[in-house]
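Listed here are the chains, written in short residue letters.
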Amino acid sequence: MMRKTSLVLLSAATGAAAMLFVTQPRSVFMGSSARAATSDTYRQLNLFGDVFERVRSDYVEKPDDSKLVESAISGMLSGLDPHSSYMDAKSFRDMQVQTRGEFGGLGIEVTMEDGLIKVVSPIDDTPASKAGIMANDIITNLDDEAVQGLTLNQAVEKMRGPVNTKIKLKIVRKGQDNPIDVTLVRDNIRVRSVRAHVEADDIAYIRITTFNEQTTEGLKKEVANLQTQIGDKLKGYVIDLRNNPGGLLEEAVTVSDSFLERGEIVSTRGRNAEETQRRVAHPGDLTKGKPVIVLINGGSASASEIVAGALQDHKRATLVGTRSFGKGSVQTIIPLGSGNGALRLTTARYYTPSGKSIQAKGIVPDIEVLQDVPDELKSRTDTKGEASLRGHLKVAEGEEKTGSQSYVPPDAKDDKALKMADDLLHGVKVNPGPAANGDKAANDTPAAAATTDSKPPAKEAN
């Protein structure tokens, strides 16, 4: 019997899914030691049943049975490692929306500031931008209901909804004496995970903020646009993965494949040898062999580390910045049926093409560049990394490594890593890692899809 599940690589918080077939365990004959272990397991389950009944009958207030069961499941999974967990139905739906990168909404990026919902920016060509909503607008009411006291997630949930449905917003705008009422019709919104611009007149700068279902498509679009803008004077590409916490593994694989002609991209290895799966590149380099610099730091995790590790191992890119997060495990998302949420269970480790596990170690850049950090931020700009998480999977070999600096200056002129990338591509500084296609032999063994996950964003798109 085949069961459809989803593989997910998670950084530290939420996850995303791509489909994979997993077979149920085969039946085997049990020896005496196995029978003894099974018997002990049933005794422990009886103990759980006794405790459950005692809580139901004797707790000072009548408990909700479903909440008791959910809490028990959550405790069991969270006791395994930092990335295994139980998602209730709402959390599971939110995860699916996040990883699709597509939902019914208004097209506004918002944040919480001093208890108020503030517009960060409208997304181009969406209901919000067409209605004239502006950055720094304060949203005070949604359908005549005050948002004061709502959490950011609650406000986001109210603004999202089925396509072609209406919602009325009351907005306070600086310089306007009276609030502005505007009625918007929800539309299909795509989260923009790839942003790009021309750097120094001849460099293609591409920032990937997460790996959702739109990422590879977005990368191809931006590369084509930049090639048209820059033309023959194009020196190379800067791929910025700093503070990108993860997303879909399938997207990490296809993004890596966009720069590689052949060879293994990543392998995943579970408890049993037959569970090993390999993903390989296909002919065709989106950038036509131009030099590539990848920027990473302590906030680059999971899918970001897969891309960085693949391009580094194949000598296709030079990595600049600081040591990455070090999250090298795979989670399987297992739906539990309608209304019951899903399990997120660690089922494998992943390895770079050279066979290295980055679990609790991270990826060391070819060129380390530390940023100048303002005094008031110095205590908050280092990421401790996977090795600091309680219950994390231990390294298979070697020593664990702590995290590293994750500060990125808001002004590009202060960005030392970006300046280093510019200097490398312009030949001002020598590139110690050849940014040319690697010559590793291709591994043609097919492999299943997987995904990565990302930490909760500081701002929400609606």
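Residues numbered from 1 in each chain as written. Predicted model: local features only at pLDDT ≥ 70, side-chain atom pairs only at ≥ 80, totals over all residues. Heavy atoms only, no water.

**Considering the environment of A387**
The following threshold applies: Strands are runs of DSSP state E lasting at least 2 residues, helices are runs of H or I lasting at least 4, and numbering of each runs from the N terminus. For every residue, the accessible area obtained with a 1.4 Å probe (protein chains only) is divided by the maximum for its type, and the residue is called buried under 20%, exposed over 50%, and partly exposed between those limits. Residues count as neighbours in contact if any of their non-hydrogen atoms are within 4.5 Å of one another.
When you line up the elements, A387 lands in the loop between β22 (382-383) and β23 (404-405). Taking relative accessible area as the criterion, A387 reaches 17% and is therefore assigned buried. With 28 residues separating them along the chain, A387 and Q359 place their C-alpha atoms 8.1 Å apart. Sequence-distant contacts of A387, defined by excluding residues within four places in its chain, comprise A360, H392, E400 and K401.

**What about the nonpolar core?**
Worth spelling out the cut-off: Side-chain atoms within 4.5 Å are what join buried Ala, Val, Leu, Ile, Met, Phe, Trp, Tyr and Cys residues into a set we call a nonpolar core.
I206, I208, F211, Y237, I239 and V294 are the most contacted members of the largest nonpolar core, which totals 38 residues. Among the elements of the structure, β13 (203-208), α6 (215-230), β14 (236-240), α7 (249-257), β15 (264-269), β17 (292-296), α8 (303-313) and β20 (342-351) are those that each provide at least two residues to this core. When residues of this core are assigned to their parent elements, the largest contribution, 6 residues, is made by α8. Filtering out sequence-adjacent residues up to four positions away, I206 remains in contact with V194, R195, A196, L219, V223, L226, Y237, V238, I239 and D240. Counting residues in each nonpolar core, the second largest holds 20 residues, with I117, L150, V156 and M159 among its members.

**A closer look at the confidence of the model for the protein**
Here is the rule we go by: Residue-level confidence of the predictor, termed pLDDT, takes values from 0 up to 100.
Residues with a pLDDT of 70 or more make up 85% of the protein, whose mean pLDDT is 84. Taken together, the stretch residues 1-29 has pLDDT below 50 and engages in 116 contacts with residues farther than four places along the chain or on a different chain. Taken as a whole, residues 434-462 scores under 50 in pLDDT and shows 128 contacts with residues more than four places along the chain or in a different chain.

**Here's the deal with helix α9 (residues 416-425)**
Short version of the rule: Pairs of N or O atoms are called polar contacts if they sit within 3.5 Å, as long as, within protein, a hydrogen donor faces a hydrogen acceptor (for residues adjacent in sequence, only side-chain-to-side-chain pairs).
Most of α9 sits inside the fold, with 8 of its 10 residues counted as buried. Tucked inside the fold, the buried residues of α9 contact β12 (194-199), β13, β14, β17, β18 (318-321) and β21 (367-368). Among the residues of α9, the N-terminal cap falls to D415, whose side-chain oxygen and the backbone nitrogen of A417 are separated by 3.3 Å. Residue G427 follows α9 closely and has a positive phi angle near 80 degrees.

**What about the sheet that holds β14?**
So the rule is basically this: Two strands pair if DSSP finds at least two bridges between them.
Reading across the sheet, the 6 strands line up as β12-β13-β14-β17-β18-β21 and stay open at both edges, with mixed pairing between neighbours. The outermost strands of the open sheet, each flanked by one partner alone, are β12 and β21. Judged from the 2 bridges that link them, β18 and β21 form a sheet pairing that is parallel. Bridging from a neighbouring strand, V320 pairs with I367 of β21.

**Considering a nonpolar patch on the surface**
We count it as follows: Each patch is built from salt-bridge-free residues with over 30% relative accessible area, joining like charges within 9 Å and nonpolar side chains (Val, Leu, Ile, Met, Phe, Trp, Tyr) within 5 Å. Each accessible area value is a Shrake-Rupley result obtained with a 1.4 Å probe; residue values ignore everything except the protein chains displayed when judging cover. Each salt bridge in this description consists of a side-chain nitrogen of Lys or Arg and a carboxyl oxygen of Asp or Glu lying within 4 Å of one another.
Nonpolar side chains collect at one region of the surface, where L47, V51, V55, Y59 and V60 lie side by side and expose about 490 Å² of accessible area between them. Among the structural elements, L47 can be located in helix α1 (residues 32-58). Here L47 falls in the partly exposed class, since its relative accessible area comes to 47%.

**What about the environment of A281?**
With respect to the element layout, A281 can be found in the loop between β16 (277-280) and β17. Put simply, A281 and T254 are 27 residues apart on the chain and 8.2 Å apart in space, counted from C-alpha to C-alpha. Non-local contacts of A281, meaning those with residues more than four positions away in its chain, are made with D257, L260, E261, R262, G263 and I265.

**Considering the packing of α7 against α8**
The description of two packed helices rests on the angle between their axes and on the distance between the axes. Convention followed: Note on definitions: angles span 0 to 180 degrees between N-to-C directions of axes, and those axes are lines fitted to C-alpha atoms, for helices only across the stretch in contact. Small angles under 35 degrees read as roughly parallel and large ones over 145 as roughly antiparallel, with 65 to 115 read as roughly perpendicular and the rest as oblique. Handedness of a crossing follows from how the near helix is turned relative to the far one, being left-handed for an anticlockwise turn of less than a right angle and right-handed for a clockwise one.
Following both chains from N to C, one finds α7 and α8 inclined at 25 degrees, their axes separated by 9 Å at the closest point. Relative to α8, α7 is oriented roughly parallel. In this structure, the crossing between α7 and α8 has a hand that is right-handed. For the pair α7 and α8, the contacting residues are L249, A252, V255 and S256 in the first and A303, I306, V307, A310 and L311 in the second.

**A few points about the packing of aromatic side chains**
Using the following cut-off: Within 6.5 Å between ring centres, the rings of Phe, Tyr and Trp (the latter by its six-membered ring) count as paired, and their orientation is classed by plane angle as stacked under 30 degrees, edge-to-face over 60, tilted in between. Working rule: Lys NZ or Arg CZ, within 6 Å of ring centre, within 35 degrees of ring normal, means a charge sits over the ring.
Per the stated rule, a full pass over the model turns up 1 aromatic pair. With a centroid separation of 6.2 Å and 25 degrees between ring planes, the pair formed by F48 and F52 is classed as stacked. With F48 and F52 both in helix α1 and 4 residues apart, the pair spans about one turn of that helix. Of the residues examined, F48 reaches a relative accessible area of 44% and is grouped as partly exposed. Taking relative accessible area as the criterion, F52 reaches 18% and is therefore assigned buried. When the ring centre of F103 is taken as reference, the NZ or CZ atom of R160 above it lies at 4.1 Å. R269 extends its terminal NZ or CZ atom over the ring of Y351, reaching a point 3.8 Å from the ring centre.

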